[in-house]
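Coordinate analysis (summary)
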Amino acid sequence: MRRAGSSRYARVALFVAVVVAVQLATRAAGKEFFLTQLTMSAYYTLVAAGLSLLMGYAGQISLGHAAFFAIGGYATGALTTLDLSARRGEALVAFLERVRVLAARPDPYGGELLAVHPWAACAAALVLAFAVALAIGVPVLKLKGHYLAMATLGFGTIVYSVVLGTSALGAADGIGGVPPFPVAGGLAVGGGRAARVANYYVAWGLVALALLLLVNLVESRVGRALRAIHGAEDAAAAMGVDVARYKLATFVLSAVLAAVGGVFLTHYNAGIGPGESGIMKSVRYVAIVAVGGMGSLWGTVATSAVLTFLSLRGYFGTLDDAVFGAVLVLVMLFSPQGILRLDARAALAAALGRLRRTEASP
Amino acid sequence: MTALLEVRGVSKRFGGIHAVKDVSFEVREGTVKALIGPNGAGKTTLFNLVSGVFAPDAGTVLFRGEAIQGRPPHRIAARGLSRTFQHIRLFAGMTALENVMVGRHPRTRAGFVAGMLHLPWTWGEERQIEARAREALDFLGIPELADAEATSLSYGQQRAVELARALVSEPELLLLDEPAAGLNMRETVELARLVGRIRERGVTVLVVEHDMGLVMNVSDEVVVLSYGEKIADAEPRAVQKHPEVVRVYLGEEDAA
């Protein structure tokens, strides 16, 4: 049996408790600089959580999710770093500045820079990711299995080539000088040691919020329908589930979540590079979902937090990508259900049930 | 009595094979109609044409007087037509109860946003879905299987779960695709009784079946298909004596 309604909040509460405990532990150990990588892993975890919904629940693979992360990051990066101060005479620019879609800030050379306000840029980035996911999803989600994997891989390759080849997006250098993202009351998502603890909480708070929404969804009528699609697509359709629409909505939702991660990490790091949209990044997200367990949001989040943190701290050295590749091979060989499968209890109960039944029958 | 389902001149080809040829029949409200015929007669194809899996090349399918041919299966299901599958299609990784709860989909409405926000109005809906699903399991006599992993159940139990899943949406028309396949004698007798009880609930039934005992026992009318064509459409007893049917089932020599 699935977890009952009340325990979903208990799990979120436990998650928040772990987040707080980790922060306190870094302080006690005098390793607060770990918080930087922990904050970054939170934003990558948003991608993994969305992908977990798509792969583990709806049963659809995407080898192109890094592209959505990059679309979010590049969109906010480009919009917040362009300079329109020379075009203030134009009516549209003046209007946008008056309604605060554009905001002025000092540039590093003592001048002034007029660019899109981070909130407006974030909104635009998410709308863009939404639109691209919709445009890609409609044709691509008609495909199944290997074919869907290939098509999403192709999409990821296109986005990677575009950001790498577009000089306006910084080509191989990417975009730098992205301003912090003002949250509230002087707190902003950005680098700098002063706000390190606060940023850690903003990032993981965002993950907690996303998890709350996703866990609610999984436990709802839609969540059951998604698992039904995973289990037997034709039967789900015969039960009245609009399979194509549900797949598309899940794909778009996971893409937007990836873009949210991209937007905030870009502000946090003050920039983004083409590597974020690379194939290896997409493979990495898939590997994380695989280890965490198909159909286990919590397992995915735990895996993402740990593996991404270790990777960002450089513990895997030059074998970084190899580690994720090897993890994928090993999981597929020995435990395709995932290692941290949290409904292992259900599997155990089912096994015990079978045992009881065989004992009962003469 | 009015016709709940009208199949009019329906045809379907797969490549060079004419699987269903100009077939017409009606299913009157409140009755049980059987669709029989030798293997390859086109019974399951006809079923799939009615439930929306395939669109017919020609002909119309009217449900309550409205054309439904060529519409996607989920829309047809939403209109009150529910089905089971010849090869059991339960949702793997879900319990029996959850499988049945999915069956309630056409009668409920919580979408992505309502689900993510766990909006208060969905709570009542969720409770209602679960209550209806448990009722359906009770009706099938398997309430104790609610929490069992559906695909780990015995064949007969899986058939029962599939039936509960089809019934929980309170369909007007229930399509049963070879419900007795793989059942033993005792289970087949129980199935016949169950079809009677389903009909008492006011559900009209169209059943594809091989088991002649079951067909003669439960149905008001029988349509016989052979090589994609309708060769008989009458009461069970009349069908049994129909010379064409006898010929198809027993061979040429007995035709006279």
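These numbers come from a predicted model, not from an experiment.

**Topic: the overall build of chain A**
- Counting its secondary structure elements, chain A contains 14 helices and 4 strands.
- Here the C-alpha atoms of chain A give a radius of gyration of 22 Å, agreeing with the 21 Å that 2.2 N^0.38 yields for 362 residues.
- The dimensions of chain A, computed from C-alpha atoms along their principal axes, are 90 × 50 × 40 Å.
- Taken across its 362 residues, chain A has 47% of its residues classed as buried.
- Taking as baseline every contact in chain A between residues at least 6 positions apart, the subset at least 24 positions apart corresponds to 79%.

**Thoughts on the overall build of chain B**
- The helix and strand inventory of chain B stands at 10 helices and 10 strands.
- Its C-alpha atoms give chain B a radius of gyration of 19 Å, within 12% of the compact-globule value 18 Å for 256 residues.
- Its C-alpha atoms put chain B at 70 × 40 × 35 Å along the principal axes.
- By residue count, 47% of the 256 residues in chain B fall in the buried class.

**Topic: the nonpolar core**
- Ranked by size, the top nonpolar core spans 183 residues in total, and within it A:L214, A:A236, A:A259, B:A96, B:V100, B:L137 and B:A164 carry the most contacts.
- Take this core: its biggest share by element is 15 residues, from helix 2 (residues 34–57) of chain A.
- Once residues within four sequence positions are removed from consideration, A:A259 is found in contact with A:F68, A:F69, A:I71, A:G72, A:A125, A:L126 and A:A129.

**Remarks on the sheet that holds strand 1 (residues 3–14) of chain B**
Residues and elements named next belong to chain B.
- Within the open sheet, the 4 strands sit side by side as 2-1-4-5. Their pairing is antiparallel. Every interior strand has two partners, whereas the edge strands, strand 2 (17–28) and strand 5 (66–67), have only one.
- Of the pairings in the sheet, the one linking strand 4 (residues 58–63) to strand 5 comprises 2 bridges and is antiparallel in character. Its bridge partner being in strand 5, F63 is matched across the sheet by E66.

**A word on the packing of helix 5 (residues 118–140) of chain A against helix 10 (residues 243–269) of chain A**
Residue and element names in this part refer to chain A.
- Remark: helix 5 packs on helix 10, axes separated minimally by 9 Å, with the N-to-C direction vectors making an angle of 145°. As helix 5 packs across helix 10, the resulting crossing turns out to be right-handed. Contacts from P118, C122, A125, L126, A129, F130, A133, L134, G137 and V138 of helix 5 reach helix 10 at L248, F251, V252, A255, V256, A259, V260, V263 and H267.
- The class makeup of the residues in the contact of helix 5 with helix 10 is 17 nonpolar, 2 polar and no charged.

**A short note on the environment of A:G275**
- For A:G275, the location among the structural elements is in the loop between helix 10 and helix 11 (279–292).
- Judged by the 15 C-beta atoms lying within 10 Å of it, A:G275 falls in the partly exposed class.

**A few points about the sheet that holds strand 6 (residues 81–83) of chain B**
All names here are of chain B.
- The 6 strands are arranged 6-7-8-3-9-10 in an open sheet whose pairing can be described as mixed. Two strands bound the open sheet, and with one partner strand each, they are strand 6 and strand 10 (229–234). Sheet twist, expressed as the mean angle between neighbouring strand axes with direction ignored, is 15°.
- Pairing of strand 7 (residues 173–177) with strand 8 (residues 204–208) involves 5 bridges; the strand directions are parallel. Within strand 8, the residue paired with L173 across the bridge is T204.

**Here's the deal with the packing of helix 3 (residues 65–81) of chain A against helix 10 of chain A**
Residues and elements named next belong to chain A.
- The N-to-C vectors of helix 3 and helix 10 enclose an angle of 45°; their axes lie 7 Å apart at closest approach. Here helix 3 lies oblique to helix 10, going by the angle between them. The two elements helix 3 and helix 10 meet at a crossing, and its hand is right-handed. For the pair helix 3 and helix 10, contact is made by H65, F68, F69, A70, I71, G72, G73, T76 and G77 and by A255, A258, A259, V260, G261, G262, V263, L265, T266 and H267, respectively.
- Of the residues in the contact of helix 3 with helix 10, the class split is 10 nonpolar, 9 polar and no charged.

**Considerations on the environment of B:V7**
All names here are of chain B.
- Here V7 shows up in strand 1.
- You can call V7 buried: it has 24 C-beta atoms within 10 Å.
- Between the alpha carbons of V7 and F63 there is a distance of 8.8 Å; along the sequence they are 56 residues apart.
- Among residues more than four places away in sequence, those in contact with V7 are V23, S24, F25, V50 and V61.

**Considering the environment of A:V116**
Residue and element names in this part refer to chain A.
- The residue V116 is located in strand 2 (residues 112–116) in this model.
- Residue classification places V116 among the buried positions, given that 23 C-beta atoms sit within 10 Å.
- When near neighbours in sequence (up to four residues on either side) are disregarded, V116 contacts L79, T80, V101, L102 and A121.

**A closer look at the interface of chain B and chain A**
- Each partner contributes residues to the interface: chain B has 36 residues there, and chain A has 31 residues.
- Elements with a minimum of two residues in the side of chain B that touches chain A: helix 2 (73–78), helix 3 (96–103), helix 4 (112–117) and helix 5 (120–139) of chain B.
- When grouped by side-chain class, the residues that make up the side of chain B that touches chain A number 17 nonpolar, 13 polar and 6 charged.

The rules behind the values
What you see as residue numbers is a count from 1 along each chain, following the sequence as written. As they are written, the chains are lettered A onward and the ligands numbered 1 onward, keeping that order. In view of the model being predicted, local features appear only for residues whose pLDDT reaches at least 70, and side-chain atom pairs are presented and counted only at 80 or more, with totals across whole chains, interfaces and linings using the full set of residues. Secondary structure elements are taken from DSSP: a helix is a run of H or I of four residues or more, a strand is a run of E of two residues or more, and numbering for both begins at the N terminus. The size measure is the radius of gyration over C-alpha atoms, and the globule rule it meets is 2.2 Å times the number of residues to the 0.38 power. The exposure label follows from counting other C-beta atoms within 10 Å of a residue's C-beta, where the C-beta atoms are placed from the backbone and the thresholds are 20 or more for buried and 12 or fewer for exposed, leaving partly exposed in between. Note that contacts rest on C-beta atoms placed from the backbone: two residues are in contact if these are within 7 Å. Note on definitions: a nonpolar core is a set of buried residues drawn from Ala, Val, Leu, Ile, Met, Phe, Trp, Tyr and Cys, linked by C-beta atoms within 7 Å. Strands were regarded as paired on the criterion that DSSP finds at least two bridges between them. To get an axis, fit a line to the C-alpha atoms, keeping to the stretch in contact for a helix; angles then go from 0 to 180 degrees between the N-to-C directions. For any pair of crossing helices, the crossing counts as left-handed if the nearer helix is rotated counterclockwise from the farther one by less than a right angle, and right-handed if it is rotated clockwise. Three classes are used, and their members are as follows: Ala, Val, Leu, Ile, Met, Phe, Trp, Tyr, Cys and Pro are nonpolar, Asp, Glu, Lys and Arg are charged, and the others, Gly among them, are polar. Comment on the angle field: the value is read as roughly parallel under 35 degrees, roughly antiparallel over 145, roughly perpendicular from 65 to 115, and oblique elsewhere.

So, to be careful, I would describe these as geometric facts and stop short of saying anything about function.
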